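Working through the structure, step by step
The primary structure of each chain is shown beneath.
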Amino acid sequence: MEEINTSVGFDQRLAKQDVRGSRAHCAMLVAQGIISKADGEAIQEGLTRIEKDIAAGAFVFKRSLEDVHMNVESRLADLIGAPAGRLHTARSRNDQVATDFRMWVRAAIETLGDEIRKLQSVLIDKAELEAATIMPGFTHLQAAQPVTFGHHLLAYVEMFGRDRGRLADARKRLNECPLGAGAIAGTSFPIDRTLSAEKLDFDRPMANSMDAVSDRDFALEFLAAAAILATHMSRFAEEMVIWASAQFGFIKFSDAFSTGSSMMPQKRNPDAAELVRAKAGRVFGNLFSLLTVMKGLPLTYSKDMQEDKEAVFGAFDTLELCLAAMTGMVVDMKPDAARMKASASAGFTTATDLADWVTQKLNIPFRDAHHITGRIVKFAEGKGCDLAELTLADMQMAEPRITQDIFSVLTVEASAASRTSFGGTSPANVRAQVEAARKRFLGHAL
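Just so you know, the residues in each chain are numbered from 1, in the order the chain's sequence is written. Local features in a predicted model are, by the rule used here, given only for residues with pLDDT of at least 70; side-chain atom pairs are given and counted only at 80 or more, and totals for whole chains, interfaces and linings are based on all residues. The side-chain values count all of the structure's non-hydrogen atoms but skip hydrogen atoms and water molecules.

Examining the overall build of the protein chain
- Of regular secondary structure, the protein chain possesses 18 helices and six strands.
- Computed over the C-alpha atoms, the radius of gyration of the protein chain is 30 Å, more than 25% above the 22 Å expected from 2.2 N^0.38 for a compact globule of 446 residues.
- Over its C-alpha atoms, taken along the principal directions, the protein chain stretches across nearly 100 × 55 × 45 Å.
- For the protein chain, the residues scored as buried account for 49% of the 446 residues in total.
- Two residues form a contact once any of their heavy atoms are found within 4.5 Å. Contacts spanning at least 24 positions in sequence make up 75% of the contacts within the protein chain whose residues lie at least 6 apart.
- Of the roughly 20700 Å² of accessible surface on the protein chain, 54% is carried by carbon and sulfur atoms.
- Considering the protein chain, the positive charge centre built from 52 side chains and the negative charge centre built from 57 side chains are found 2 Å apart. Secondary structure is summarised from DSSP: a helix means a run of H or I of at least four residues, a strand means a run of E of at least two, and numbering begins at the N terminus for each. Within these notes, the globule rule equals 2.2 Å times the number of residues to the 0.38 power, and the radius of gyration is based on C-alpha atoms. Three labels apply to residues, based on accessible area from a 1.4 Å probe with only protein chains included: buried if under 20% of the type maximum, exposed if over 50%, partly exposed otherwise in between. Each accessible area is a Shrake-Rupley result for a 1.4 Å probe, and residues are judged covered by the shown protein chains and nothing else. By the counting scheme adopted, Arg and Lys are positive, Glu and Asp are negative, and His together with the chain ends is not counted. Charged groups are reduced to one reference atom each: NZ for lysine, CZ for arginine, CG for aspartic acid, CD for glutamic acid.

Right, dumping it as structure tokens:
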């Protein structure tokens, strides 16, 4: 029973929040005249000593005391004696753990938000450096149109910006205080829940005592946002793995973010990216684990809910590590501009530019221009050359009105530069988007 019931092995991570919650609860009890000022002062002094021990790593957690709350309370009794017994007046471990856990998740969200911001910052800096670096843009992993490497990186800046937004939204919803809800029904003591909430930086007390002790939506929402963040990092990591392969050769990592092979001396493996890609599965599992725990629980508290913390702790630890690794990889990776441009020039990636030219210059409906371009591409395939290598006579076999001007749009540089619509890939756009991103996501512009 002790083995399955004990949670102090993992919920001791809530110790800092537990002490803070107890401080606020004690102050409220004194303010309401529920306990004496002398007892309140003794409790606060004891909590100060406990807080220092926790910060120094000197606090001894005992498995026999089951959880972090009983460990703190027992140590308080050792330190100050009888007054310690008054601290638990008008509260239950049910509202206590719900409060502690909300404060921990709130802090975790703030930490992850800061780490995502750092990743966005290095991506924006790299995008500025590579604003005019041509690379192939892909659909279906087939070369589609020339884009710039800077534009590609800014796509992830946007994705990670939404991740920060989701976490910030989750923080807004979780910032209600369960403390004072008691075990299930509230308390007959004349407590002031608004005061407790204010002392703990919550916006307000939770409105329903049953919901206060049984809700874990905040943990689920955190994990859902975490899973989407992990998805974005995994997608980026997958692209890094592809780009770093010998077949692509778009980027290189230094030895700091790659490893060798025990057998093959030529290998430089992008292990950090591969591990970020793999660790997304852990975060997905954390979300599904807690969803499964919660799906069949009647109101209010059940011991099943003890399983909430390891899932959230695990997701946070995984994401914090992956964000640090990915930030390092972005700084470390060196693009091979010549290799990227050569790849962008293969596969008829300027075919859309040809079709656009026919539409704009010859006033031909785009669907007809699309068919004309298709015939030209097929002819180029037959000759084994790129579109820009065809002659004007070759082009005019598909449409006699095509002029020499067509060749002005068939280079990959001209193609990328022409994409000047809002959100497009032109180097001028990318440079403007870099400054806009700095203002939106970093709060400043250089």
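Observations regarding the packing of helix α10 (residues 217–244) against helix α11 (residues 271–294)
- Orientation of α10 relative to α11, taken along the N-to-C sense of each, is 160 degrees, at an axis distance of 8 Å. In terms of axis orientation, α10 runs roughly antiparallel to α11. Where α10 crosses over α11, the handedness of that crossing is left-handed.
- Partitioning the contact of α10 with α11 into residue classes produces 20 nonpolar, three polar and three charged. Working convention: axes come from line fits to C-alpha atoms, limited for helices to the stretch in contact. Angles between N-to-C directions cover 0 to 180 degrees. Oblique is the label for any angle not under 35 degrees, not over 145, and not in the 65 to 115 range, which are roughly parallel, roughly antiparallel and roughly perpendicular in turn. Handedness of each helix crossing follows the sense of rotation of the near helix against the far helix: counterclockwise by less than a right angle gives left-handed, clockwise gives right-handed. Under this grouping Gly is polar, as are all residues other than the nonpolar Ala, Val, Leu, Ile, Met, Phe, Trp, Tyr, Cys and Pro and the charged Asp, Glu, Lys and Arg.

Re the nonpolar core
- We call a set of buried Ala, Val, Leu, Ile, Met, Phe, Trp, Tyr and Cys residues a nonpolar core when their side-chain atoms join them within 4.5 Å. Among the nonpolar cores identified, the biggest contains 95 residues, and Phe 160, Phe 222, Phe 236, Met 240 and Met 326 are the most heavily contacted of them.
- Top element by residues in this core is α10. It accounts for 17 residues.
- In contact with Phe 160, not counting residues within four places along its chain, are Ile 116, Leu 119, Gln 120, Leu 123, Leu 229, His 232, Met 233, Phe 236 and Met 326.
- Listed in part, the 21 residues of the second largest apolar core include Ala 369, Ile 372, Ile 376 and Leu 410.

Digging into the side chain of Ser 214
- Here Ser 214 lies in helix α9 (residues 209–214).
- The buried category is assigned to Ser 214, whose relative accessible area is 8%.
- Discounting residues that sit within four places of it in the chain, Ser 214 has contacts with Met 294, Leu 299, Thr 300, Tyr 301 and Met 305.

Quick word on the state of the cysteines
- Only a pair of cysteine sulfur atoms within 2.5 Å qualifies as a disulfide here. Tallied over the full model, the rule gives zero disulfides.
- Unpaired in this structure, Cys 26 has its nearest cysteine sulfur neighbour in Cys 177, at a distance of 15 Å.

Notes on the pairing of strand β2 (residues 142–148)
- Two strands are said to pair when DSSP picks up at least two bridges between them. Across six bridges, strand β1 (residues 134–139) lies against β2 in antiparallel orientation. Paired with Ile 134 across the bridge in β2 is Thr 148.
- Counted along the chain from β1 to the antiparallel partner β2, the turn is two residues long, and its residue His 140 has a positive phi close to 60 degrees.

Side note on the side chain of Asp 100
- Tracing the sequence through the fold places Asp 100 in helix α6 (residues 93–129).
- Only one rule defines a salt bridge in this text: a Lys or Arg side-chain nitrogen within 4 Å of an Asp or Glu carboxyl oxygen. Buried and unpaired, Asp 100 has no salt bridge, with Arg 91 as the nearest side chain of opposite charge at 6.7 Å.
- Setting aside residues up to four positions removed in sequence, Asp 100 forms contacts with Leu 14, Gln 17, Asp 18 and His 69.

Digging into the pattern of salt bridges
- Tallied over the entire structure, the rule returns 26 salt bridges.
- In this structure, the salt-bridge partner of Glu 238 is Arg 277, at a minimum N-O distance of 2.4 Å. In this pair, Glu 238 is assigned in helix α10 and Arg 277 in helix α11, connecting sequence segments 39 residues apart.
- Take Arg 277: its relative accessible area is 30%, and that puts it in the partly exposed class.
- Of the charged contacts in the structure, one is a salt bridge between Asp 356 and Arg 419, with a shortest N-O distance of 3.2 Å.

Describing the packing of aromatic side chains
- Side-chain rings of Phe, Tyr and Trp, where Trp is taken by its six-membered ring, are said to pair if the distance between their centres is within 6.5 Å; with planes under 30 degrees apart they count as stacked, over 60 as edge-to-face, and otherwise as tilted. Taken as a whole and assessed by the stated rule, the structure comprises eleven aromatic pairs.
- Centre to centre, the rings of Phe 149 and Trp 243 are 5.5 Å apart; their planes meet at 75 degrees, and the pair counts as edge-to-face. Of the two residues, Phe 149 sits in helix α7 (residues 149–174) while Trp 243 sits in helix α10, which places them 94 residues apart along the sequence.
- Both rings, one in Tyr 156 and one in Phe 236, keep their centres 4.3 Å apart while their planes meet at 20 degrees; by these two values the pair is stacked. Linking Tyr 156 in helix α7 with Phe 236 in helix α10, this pair joins segments that are 80 residues apart in sequence.
- For Tyr 156, a relative accessible area of 5% corresponds to the buried category.
- Connected via pairs of aromatic rings, a cluster forms that spans Phe 101, Trp 104, Phe 218, Phe 313 and Phe 316.
- Positioned above the aromatic ring of Phe 313 is the side chain of Arg 13, whose terminal nitrogen or guanidinium carbon lies 4.7 Å from the ring centre. Two conditions define a charge located above a ring, namely a distance within 6 Å from the ring centre to NZ of Lys or CZ of Arg, and an angle within 35 degrees of the ring normal.

Comments concerning the packing of helix α4 (residues 37–56) against helix α5 (residues 68–80)
- Put simply, α4 and α5 touch, their axes get as near as 9 Å, and they point 120 degrees apart. Compared by their axis directions, α4 and α5 come out oblique. Judged by the twist between their axes, the crossing of α4 over α5 is right-handed. Along its contact with α4, which presents Ala 42, Ile 43, Gly 46, Leu 47, Arg 49, Ile 50 and Asp 53, the element α5 presents Val 72, Arg 75, Leu 76, Leu 79 and Ile 80.
- Looking at the contact of α4 with α5 residue by residue, the class counts come to eight nonpolar, one polar and three charged.

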